[in-house]
Amino acid sequence: MIDLWLLFLFAFGCLTLATVAGGLMRRRAPGSEFVVDWNARVEVWWGMVVVLGLAMLAGFWGVLLLFAFLSFAALREFVTIAHLDRADHWAWAAVFFLALPVQYGLIAADWYGLYSIFLPVYGLVLAPVISVLSGRTKRFLARIGALQMAMMVCIYCVSHVPALVLLDIPGYEGRGVLLVAFLVLVTQGSDVLQYVFGRLYGRHPIAPALSPRKTWEGFWGGTFSAAVLGAMLWWITPFSPLAAALLAFVSVLLGFLSGLVMSAIKRDRGIKDWGHAFPGHGGFLDRMDSVVFAAPVFFHLVRYGWAV
Amino acid sequence: MRRAAGVLRDLAAFLAGRAIALVMRLFAAPRTVWVQGGPLARQRIYFANHTSNADLPLIWTVLPPDLRVRTRPVAAADYWLKGPVRAFFGRDVFGAVLVERRPEARGEGEDPMATIRAALDRGDSLIIFPEGRRNETVKKLLPLKAGLFNMALSHPEVELVPVWIENLNKMMPRGEVVPIPLISTIAFGRPMQRAEGEGKDDFLARAREALLALRERATS
């Protein structure tokens, strides 16, 4: 796994640069909002790289357990902002203690035929049935809508990240964790790049009602440079440089869109962040919102195009 | 032999305490807010709103371990002495100050507050729920009982810290057996003391105001 170590070297290099840049900016513009925000972000990135790196070194099971925990933490945030009704207690309990372990169990069993439909079919049917048994119809549609969205976003989408590891790609045996690294680096990298381009050149907001800080300049700059980043990472993937750039482009586009959707949910509920797990940085879902929609689509594109 | 059993019991209590803290962090994921300063190793009485059986373990979890060992919940003897398991958690893990609330179980002329005063004399911090019972009404806060005032009167040097716990009762409403993991908020307010010459009603009204103001902080 020489690739994995080279990748760590690359990530550590980037983070060291980011840390040094943050330190320099702190000296030149002490207390500026951007600098404080930047340095807080850099700290969280270090943590993310270390945790993800350890999980990848542990292989499939490390990645599976990490993302199962992330699903759990994301659900915990989701249920906190949903209108949690006493009548849905058992439905939510089933989401946490049945849907989540079964989905990850199916991924561990590499049972593609079932894990790709388990939640969209059986979860879809079961959750509202458990809710309806309580007999309470007040806000019923909104309640079951929240249940479905929580299952799909926090469990189904997130679980496709560890599923990447077990894809059967000829000539790529035993290197599946690198696909996880590719997806995470590209989507998180695009987050950073969009943020930087937006701060530097941002003029025209995309959706001022949703996310005042998202601008067209940031979006194009971040998306295209993330595609370039994807092409630069082709050597850890089974793709050609062009295909890597295209897949990176599609992933960050979806990441951007899922960021918008997750922002809209926050706006609707009148909150700024999903949680408080990372001080000044929101919760787990704030960090993962750009991966959630990208993961299942990236998974399916790779499976169609490269796996047997 | 006796000594070895004592050490084993302490070890079991330590491990059980850590397990409780881990479970609370996973299932109640507390966001902790200190309005002023942070946790301090001073003698304090933490008085909190009470909506859930998990309130006590939650306060206990968010206090640093060094403070925990000297912070003792005030709890009902008839509840916590029922059965060896409860007694182990009540006495050994939480180090509860047990209060006999049934007059018939008390000795002649025995003061139920005596154990509390003894703990305060020893320098221990306390956790109390001054509403006297779990609030299962739609009201934000039930009327506060006089116990808090009596403690402020007999130990004026001890700081009284209001504590507001939000959202925890949704984790496991009464009658449910499976908890739903969620994010709770626990806010510690500015320490207060009884003002010179302040009467019971005025003092309790002020304590109530402090709790409700803290609620605003915790829910924002």
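This is a predicted model, so every value here is computed, not measured. Residue numbers run consecutively from 1 along every chain, following the written order of its sequence. To read the labels, note that chains go from A and ligands from 1, taken in the order they are written. Selection of residues for local features in this predicted model requires a pLDDT of at least 70, selection of side-chain atom pairs for listing and counting requires 80 or more, and totals for whole chains, interfaces and linings are taken over all residues. Processing note: side-chain calculations cover all non-hydrogen atoms of the structure and skip hydrogens and water entirely.

A. Up close: the UniProt feature "domain: Phospholipid/glycerol acyltransferase" (unreviewed entry) in chain B. UniProt positions are given in the numbering used here, feature names are shortened, and annotations may be inferred rather than shown by experiment. Under the UniProt annotation, the feature "domain: Phospholipid/glycerol acyltransferase" (unreviewed entry) is placed at residues 44-168 of chain B. The way it works is that DSSP assigns letters per residue, a run of H or I at least four long becomes a helix, a run of E at least two long becomes a strand, and they are numbered from the N terminus. As annotated, residues 44-168 of chain B comprises 34% helix and 21% strand, and the C-alpha atoms at either end are separated by 23 Å.

B. Up close: the side chain of Ser52 of chain B. Residue and element names in this part refer to chain B. As for its position among the elements, Ser52 is in the loop between β2 (44-48) and α2 (55-62). On the accessibility criterion, Ser52 (6% relative accessible area) is buried. Counted as a polar contact is a pair of N or O atoms within 3.5 Å, where, for protein atoms, one must be capable of donating a hydrogen and the other of accepting one, and residues adjacent in sequence contribute only when both atoms are in side chains. At a separation of 2.9 Å, a polar atom in the side chain of Ser52 contacts the main-chain amide nitrogen of Ala54. The criterion used for residue contact is that any of the two residues' heavy atoms lie within 4.5 Å. Residues within four places of Ser52 in sequence aside, it is in contact with Arg134, Leu168 and Asn169. A simple rule labels every residue: compare its accessible area, found with a 1.4 Å probe on the protein chains alone, to the largest value its type can have, and call it buried under 20%, exposed over 50%, or partly exposed in between.

C. Region of interest: the packing of helix α4 (residues 89-108) of chain A against helix α6 (residues 118-132) of chain A. All names here are of chain A. Fitted lines through C-alpha atoms serve as axes, helices being fitted only where they are in contact, and the angles separating the N-to-C directions of these axes extend from 0 to 180 degrees. Following both chains from N to C, one finds α4 and α6 inclined at 165°, their axes separated by 10 Å at the closest point. It follows from the interaxial angle that α4 and α6 lie roughly antiparallel. In terms of crossing hand, the pair formed by α4 and α6 is right-handed. Contacts from Trp90, Ala91, Ala94, Leu98, Ala99, Val102, Gln103 and Leu106 of α4 reach α6 at Phe118, Leu119, Leu126, Ala127, Ile130 and Ser131. Throughout, the ten residues Ala, Val, Leu, Ile, Met, Phe, Trp, Tyr, Cys and Pro are labelled nonpolar, Asp, Glu, Lys and Arg are labelled charged, and all others, Gly among them, are labelled polar. Of the residues assigned to the contact of α4 with α6, the class counts are twelve nonpolar, two polar and no charged. What sets the label is the angle itself: under 35 degrees gives roughly parallel, over 145 gives roughly antiparallel, 65 to 115 gives roughly perpendicular, and the rest give oblique. Should the near helix be turned counterclockwise from the far one by less than a right angle, the crossing is left-handed, whereas a clockwise turn marks it as right-handed.

D. Main features of the side chain of Asn49 of chain B. Residues and elements named next belong to chain B. Along the chain, the position of Asn49 falls in the loop between β2 and α2. Within the structure, the side chain of Asn49 is placed 2.8 Å from the backbone nitrogen of Ile165, a separation counted as a polar contact. When near neighbours in sequence (up to four residues on either side) are disregarded, Asn49 contacts Asp55, Phe129, Glu131, Leu141, Val163, Trp164, Ile165 and Leu211.

E. Seen up close, the interface of chain B and chain A. If you look at the interface, chain B gives 20 residues, while chain A gives 17 residues. What gets called buried area is simply the loss in accessible area from a 1.4 Å probe that two parts show on being joined, summed for both. Across the chain B/chain A interface, buried area totals approximately 1500 Å², and carbon plus sulfur atoms make up 71% of it. When the buried area of chain B at its contact with chain A is split by residue, Ile180, Pro181 and Ile183 of chain B rank highest and sum to 36% of it. In the sections that follow, a salt bridge refers to a side-chain nitrogen of Lys or Arg positioned within 4 Å of a carboxyl oxygen of Asp or Glu. Counting across the interface, chain B meets chain A through one salt bridge. A salt bridge links Glu176 of chain B to Arg86 of chain A, with the nearest nitrogen and oxygen atoms 3.3 Å apart. Along the contact surface separating chain B from chain A lie eight residue pairs in polar contact (both at pLDDT 80 or more). Ranked by residue count, the leading element in the side of chain B that touches chain A is helix α1 (residues 2-27) of chain B, at three residues.

F. Summary view of a nonpolar patch on the surface. Only residues whose relative accessible area exceeds 30% and that take part in no salt bridge are eligible for patches, with like-charged residues grouped when within 9 Å of each other and nonpolar side chains (Val, Leu, Ile, Met, Phe, Trp, Tyr) grouped when within 5 Å. For accessible areas, the Shrake-Rupley method is used with a probe of radius 1.4 Å. Any residue's cover is judged against the shown protein chains and nothing else. On the surface, Ile2, Leu6, Leu9, Trp234 and Trp235 of chain A cluster together to form a nonpolar patch covering roughly 530 Å² of accessible area. By the element assignment, Leu9 of chain A lies in helix α1 (residues 2-28).

G. Local environment of a positive patch on the surface. Together, Lys138, Arg139 and Arg269 of chain A together with Lys170 of chain B line one region of the surface with positive charge. In this structure, Arg269 of chain A sits in helix α10 (residues 241-269). The class of Arg269 of chain A is partly exposed, set by a relative accessible area of 30%. Counted as positive: Lys and Arg. Counted as negative: Asp and Glu. His and the chain ends are not counted at all. One atom stands in for each charge, and that atom is NZ of Lys, CZ of Arg, CG of Asp or CD of Glu.

H. Up close: the pattern of salt bridges. Residues and elements named next belong to chain B. With the rule as written, the count across this model stands at 17 salt bridges over all chains. Arg9 is the salt-bridge partner of Asp92, the closest N and O atoms lying 2.4 Å from each other. Here Arg9 lies in helix α1 and Asp92 lies in helix α5 (residues 84-93), a separation of 83 residues in the sequence. The class for Asp92 is partly exposed, based on a relative accessible area of 28%. Overall, the relative accessible area of 44% leaves Arg9 in the partly exposed class.

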